Amino acid sequence: MPALQINPSILAADVGHLYDACKRCEDAGADQIHIDLMDGVFVPNMSFSPSVVEMARKAVDIPLNVHLMMVRPDQYVDAFCDAGADTLLVHIEPEYDHADTLRRIRERGVRPGIVLNPDTELLDIESVLPLVDEVLFMTVFPGFGGQDFIPGPLARMQELRDRFPDLDIAVDGGLNPETCQRCFDHGANGFDIGSALFKPKDMAAEIQKLRRMSSNA
Ligand code: DX5
Ligand code: ZN
């Protein structure tokens with residue numbers, strides 16, 4: 001299994017202090033910063049823009065893991081690559097040319113990833129699996145932080161891990177130490193975490209707690 005990745009999601013940060021929030025994640029020992037982009041159409045909310053990715057790029061040296069919740073992510077590949085994304089994650093559910101988009105991301109020297117909503121079957125991503133470095137399972141319906149974990153995707157995570165021992169398999173939504181452990185036990189190695197990392201005072205302590213997960217399994 002690939003290395004554990006603990007990725008704070010700055011959707012949970014104070015929007016007035018995003019630069020400091022990125023620094024706080026890096027200082028606390030985060031592996032990547034997870035940045036959520038919402039277009040108000042694919043999900044009923046709006047969030048950041050390429051300029052926020054650019055800001056994060058200036059703030060920290062750790063990789064930027066950029067999650068596009070958009071109906072037309074294909075139209076924004078260059079904008080987010082130019083802004084400094086290290087991983088660009090696009091959803092399988094909307095209609096656009098997924099394969100071409102993932103190829104274009106890789107051509108830009110950025111890691112391509114595919115994202116599945118909690119009710120999306122593995123079969124739907126089968127044809128694009130050879131094109132991605134990361135598969136991200138949503139364990140909430142995307143759009144908002146602070147929602148309850150949905151366990152449905154756990155079995156799919158395990159099935160994918162059994163088939164691809166070296167693939168980065170990440171999970172996003174409703175994560176806390178207990179739900180992270182459940183996902184870890186089902187083969188996930190990447191954890192995108194909003195509320196459970198930003199609410200506690202000591203983010204470094206929370207991240208260290210999560211790193212002990214591997215030895216519990
Ligand atoms: C949800 C976003 C998540 C969000 C997770 O649509 O994709 O990255 O920040 O927040 P929590 O950890 O609070 O569920
Ligand atoms: Zn996300």
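In short, a report on the structure.

Analysis parameters
Residues numbered from 1 in each chain as written. Chains lettered and ligands numbered in written order. Predicted model: local features only at pLDDT ≥ 70, side-chain atom pairs only at ≥ 80, totals over all residues. Heavy atoms only, no water. Helix = DSSP H or I, 4+ residues; strand = E, 2+ residues; numbered from the N terminus. Rg over C-alpha atoms; globule rule 2.2 N^0.38 Å. Areas by Shrake-Rupley, 256 points an atom, 1.4 Å probe, with all protein chains shown as cover. Lys, Arg positive; Asp, Glu negative; His and termini not counted. Charge placed at Lys NZ, Arg CZ, Asp CG, Glu CD. Buried < 20%, exposed > 50% of the residue type's maximum accessible area, 1.4 Å probe, protein only. Polar contact = N/O pair within 3.5 Å; in protein donor to acceptor, adjacent residues only side chain to side chain. Donors = N, O, S within 2.8 Å, 3.2 Å for Na, K, Ca; no water. Tetrahedral: all angles 85-135°; square planar, octahedral: opposite > 155°, others 65-115°. Salt bridge = Lys/Arg side-chain N within 4 Å of Asp/Glu carboxyl O. Pairing = 2+ DSSP bridges. Right-handed = clockwise from strand over helix to strand, strands pointing away. Contact = heavy atoms within 4.5 Å.

Glancing now at the overall build of the protein chain. What the protein chain contains, in helices and strands, is nine helices and eight strands. The C-alpha radius of gyration computed for the protein chain amounts to 16 Å, which stays within 12% of the reference 17 Å derived for 217 residues, consistent with globular compactness. The principal-axis extent of the C-alpha atoms belonging to the protein chain is close to 45 × 40 × 30 Å. Total accessible area on the protein chain is roughly 9,300 Å²; 50% of this is exposed by carbon and sulfur atoms. Side-chain charges in the protein chain split into 19 positive and 35 negative, and the spacing between the mean points of these groups amounts to 4 Å.

Another aspect to go through is helix 6 (residues 177-185). Here helix 6 has its buried residues at Thr 179, Cys 180, Gln 181, Cys 183 and Phe 184. The N-capping residue of helix 6, defined by a side-chain oxygen 2.9 Å from the backbone nitrogen of Glu 178, is Asn 176. Gly 187 occupies a position one or two residues after helix 6 and carries a positive phi of about 100°.

Let us now look at the coordination of the zinc ion (ligand 2). Donor atoms from the polypeptide that coordinate the zinc ion (ligand 2) comprise His 34 (NE2), Asp 36 (OD), His 67 (ND1) and Asp 172 (OD), at 2.1 to 2.3 Å from the metal. One can describe the donor arrangement at the zinc ion (ligand 2) as octahedral, given that its six donor atoms subtend angles of 69 to 169° at the metal. Mapping the donors of the zinc ion (ligand 2) onto the primary sequence yields the spacing H-x1-D-x30-H-x104-D. Of this pair, His 34 sits in strand 2 (residues 33-38) while Asp 172 is found in strand 7 (residues 168-172), placing the two residues 138 residues apart along the sequence. Neither residue differs from the other here; His 34 and Asp 172 are each classed as buried.

Right, let's talk about the pattern of salt bridges for a bit. Tallied over the entire structure, the rule returns 13 salt bridges. Note that Arg 72 is salt-bridged to Asp 74, the shortest N-O span being 2.8 Å. According to the relative accessible area criterion, Arg 72 is partly exposed, its value standing at 36%. Assessed through its relative accessible area of 14%, Asp 74 is described here as buried. The shortest N-O distance in the salt bridge between Glu 126 and Arg 163 comes to 2.7 Å. Taken together, the positions of Glu 126 in the loop between strand 5 (111-116) and strand 6 (134-138) and Arg 163 in helix 5 (residues 154-163) put the pair 37 residues apart, joining distant regions of the chain. We classify Arg 163 as partly exposed; its relative accessible area is 39%.

Here the focus is the pairing of strand 7. Counting buried residues in strand 7 gives four out of five residues, a clear majority hidden from the surface. Here strand 6 runs beside strand 7; their pairing, made up of five bridges, is parallel. Residue Met 138 lies in a different strand from strand 7, and its bridge partner there is Asp 172. Remark: the strand 6/helix 5/strand 7 crossover connection has right-handed handedness. Handedness of the β-α-β unit built from strand 7, helix 6 and strand 8 (residues 190-193) comes out right-handed.

A few words on the environment of Arg 57. Along the chain, the position of Arg 57 falls in helix 2 (residues 50-59). What Arg 57 contacts, discounting residues up to four positions off in sequence, is Ile 62, Pro 63, Leu 64, Ala 83, Gly 84 and Asp 86. There is a polar contact of 2.7 Å between the side chain of Arg 57 and the side chain of Asp 86.

So yeah, pure geometry; function would need other evidence.
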